[in-house]
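Coordinate analysis (summary)
Each chain is listed here by its residues.
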Amino acid sequence: MVDKPRQLPAAALLAGTAVLAALLTACGNGGNGPSASATTDTGTTAATTSGPPTQTPAAGEPSGSGATESPTAAGAGAGAAGGRCHTSELRASLGTDDPGAGQENFPLVLTNASSRTCTVTGYPGAAFTDASGRQLGPDPARTPGGATPVTLAPGRSAWSGLSFTNPAVSGAKSAKPAWLLVTPPNERDSLRVAWTGGAVPVSGTASQASLTVLTPGTGA
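Here is a short report on the structure shown in this document. Since the structure is predicted, the reported quantities are computational estimates derived from the model, not experimental observations. (Residues numbered from 1 in each chain as written. Predicted model: local features only at pLDDT ≥ 70, side-chain atom pairs only at ≥ 80, totals over all residues. Heavy atoms only, no water.)

Notes on the overall build of the protein
Convention followed: Numbering of helices and strands starts at the N terminus; helices are DSSP runs of H or I of at least 4 residues and strands are runs of E of at least 2. Buried means the residue's accessible area, taken with a 1.4 Å probe over protein chains only, is under 20% of the maximum for its type, while exposed means over 50%, and partly exposed covers the values in between. The contact criterion used is simple: two residues touch if any of their non-hydrogen atoms lie within 4.5 Å. For every accessible area listed, the method is Shrake-Rupley and the probe measures 1.4 Å; residues are considered covered only by the protein chains on display.
Tallying secondary structure elements over the protein gives three helices and 16 strands in all. Buried positions account for 27% of the 220 residues belonging to the protein. The contacts in the protein between residues at least 6 apart in sequence include a share of 73% that link residues at least 24 apart. Split by element, the accessible area of the protein, about 14,200 Å² in all, is 56% carbon and sulfur.

Comments concerning the environment of Gly82
Secondary-structure assignment places Gly82 in the loop between helix 2 (71-78) and strand 3 (83-84). Judged by relative accessible area, which is 33%, Gly82 ranks as partly exposed. Between the C-alpha atom of Gly82 and that of Val150, which follows or precedes it by 68 residues, the distance is 9.4 Å. Sequence-distant contacts of Gly82, that is, excluding residues within four places in its chain, are made with Thr117, Cys118 and Thr119.

Some words on the side chain of Glu187
This is how the line gets drawn: What qualifies as a polar contact is a pair of N or O atoms within 3.5 Å, subject to a donor-acceptor requirement within protein and to the restriction that residues adjacent in sequence count only when both atoms come from side chains.
Inspection of the secondary structure puts Glu187 in the loop between strand 12 (179-183) and strand 13 (191-194). Classification of Glu187 by relative accessible area gives buried; the value is 17%. There is a polar contact of 2.8 Å between the side chain of Glu187 and the side chain of Arg84. The contacts of Glu187, once residues within four sequence positions are left out, are Arg84, Cys85, His86 and Thr87.

Some details on the sheet that holds strand 3
As a reminder, the rule being used: Here, strands pair whenever DSSP counts at least two bridges between them.
With respect to topology, three strands assemble into an open sheet ordered 3-6-9, the strand pairing being mixed. At either end of the open sheet lies a strand with only one pairing partner, and these are strand 3 and strand 9 (150-152). Examined bridge by bridge, strand 3 and strand 6 (residues 118-120) share two bridges and lie parallel to one another. Within strand 6, the residue paired with Gly83 across the bridge is Cys118.

What about the nonpolar core?
When a protein is soluble and globular, its nonpolar side chains tend to lie buried together. Put simply, the rule reads: To qualify as a nonpolar core, a set must consist of buried Ala, Val, Leu, Ile, Met, Phe, Trp, Tyr and Cys residues joined through side-chain atoms within 4.5 Å.
Core analysis: the largest hydrophobic core is formed by 26 residues, its most contacted members being Val120, Phe128, Leu162, Leu180 and Trp195. Elements that contribute at least two residues to this core include exactly strand 4 (90-94), strand 5 (103-112), strand 6, strand 7 (125-129), strand 9, strand 10 (157-165), strand 12 and strand 13. Ignoring anything within four residues of it in the chain, the contact list for Val120 reads Cys85, Leu90, Thr148, Pro149, Val150, Leu152, Ala158 and Leu214.

Things to note about the sheet that holds strand 12
Where we set the bar: Orientation is described by lines fitted to C-alpha atoms, with helices fitted over the stretch in contact, and by angles between N-to-C directions that extend from 0 to 180 degrees.
With respect to topology, three strands assemble into an open sheet ordered 7-12-13, the strand pairing being antiparallel. Of all the strands in the sheet, the pair left with one neighbour each is strand 7 and strand 13. Averaged over neighbouring strand pairs, the angle between their axes works out to 25 degrees when direction is ignored. Taken together, the five bridges between strand 7 and strand 12 define a ladder with antiparallel strand orientation. Counted as the bridge partner of Ala126 is Val182 from strand 12.

A look at the packing of aromatic side chains
This is how the line gets drawn: Stacked, edge-to-face and tilted labels apply to pairs of Phe, Tyr and Trp rings (six-membered ring for Trp) whose centres lie within 6.5 Å, assigned for plane angles under 30 degrees, over 60, and everything in between, in that order. For a Lys NZ or an Arg CZ to count as sitting over a ring, it must be within 6 Å of the ring centre and within 35 degrees of the ring normal.
In this structure the tally under the stated criterion is five aromatic pairs. Pairing Phe128 with Trp195 gives two aromatic rings, centres 5.0 Å apart and planes at 75 degrees, and the pair type is edge-to-face. In this pair, Phe128 sits in strand 7 while Trp195 sits in the loop between strand 13 and strand 14 (200-201), placing the two residues 67 residues apart along the sequence. A residue is classified by how much of its surface remains accessible, and Phe128, at 3% relative accessible area, is buried. Members of the aromatic cluster, each reached through a chain of ring pairs, are Phe106, Phe128, Phe164 and Trp195. Against the face of Trp179 rests Arg192, its NZ or CZ located 3.7 Å from the ring centre.

Considerations on the pairing of strand 10
When you tally the buried positions in strand 10, you get eight out of nine residues, the bulk of the element. Across nine bridges, the pairing between strand 5 and strand 10 is antiparallel. Within strand 10, the residue paired with Phe106 across the bridge is Leu162. Across two bridges, strand 10 lies against strand 16 (residues 215-216) in antiparallel orientation.

And the structure:
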């Protein structure tokens with residue numbers, strides 16, 4: 001007698017089908033469940049995000065092309081009016097001596113050579129040097145005075161009084177500088193001005209040069 005094939009119960013067939021479907025699903029995504037990342041064309045893995053993708057600028061296109069600048073960034077890039085004057089924006093010059101009672105008095109002038117309005121506040125730095133750049137004597141002392149901001153529109157100036165007792169009167173050791181280095185307030189870089197004021201004291205404090213705070217104008 002030939003045995004007839006045994007038929008599986010319907011419930012067993014359904015269970016087997018469900019197991020097979022689960023195995024196929026697992027194989028389709030590597031067995032790691034739902035996909036959580038996308039692989040870029042460089043082989044690196046980047047997390048997927050909702051919303052439009054960030055575009056990389058084309059070659060030669062500015063990286064910020066099409067972006068909206070914040071007010072703070074825009075103001076910083078343009079150079080807000082009234083900000084500090086930088087050395088590169090200024091021109092230094094020496095006014096005419098106004099001597100009196102053995103004292104030499106020169107206006108040291110800073111002029112805004114830029115196209116924006118800026119401010120200078122306080123004392124400039126100053127140093128006499130020889131032709132090789134070697135400093136002659138100490139830095140000028142600061143004459144006490146209240147420092148207030150001086151606003152310089154393009155082409156406008158501020159001045160500081162540079163004074164010292166004539167060495168021929170004081171008897172101090174003297175030298176004739178080639179240059180006067182002028183450093184605007186709160187700056188590190190200096191401006192060089194040809195010195196035409198004759199001998200200056202370079203030792204001792206009795207006739208040490210002095211500077212006043214910057215005030216509007218040229219001191220003329």
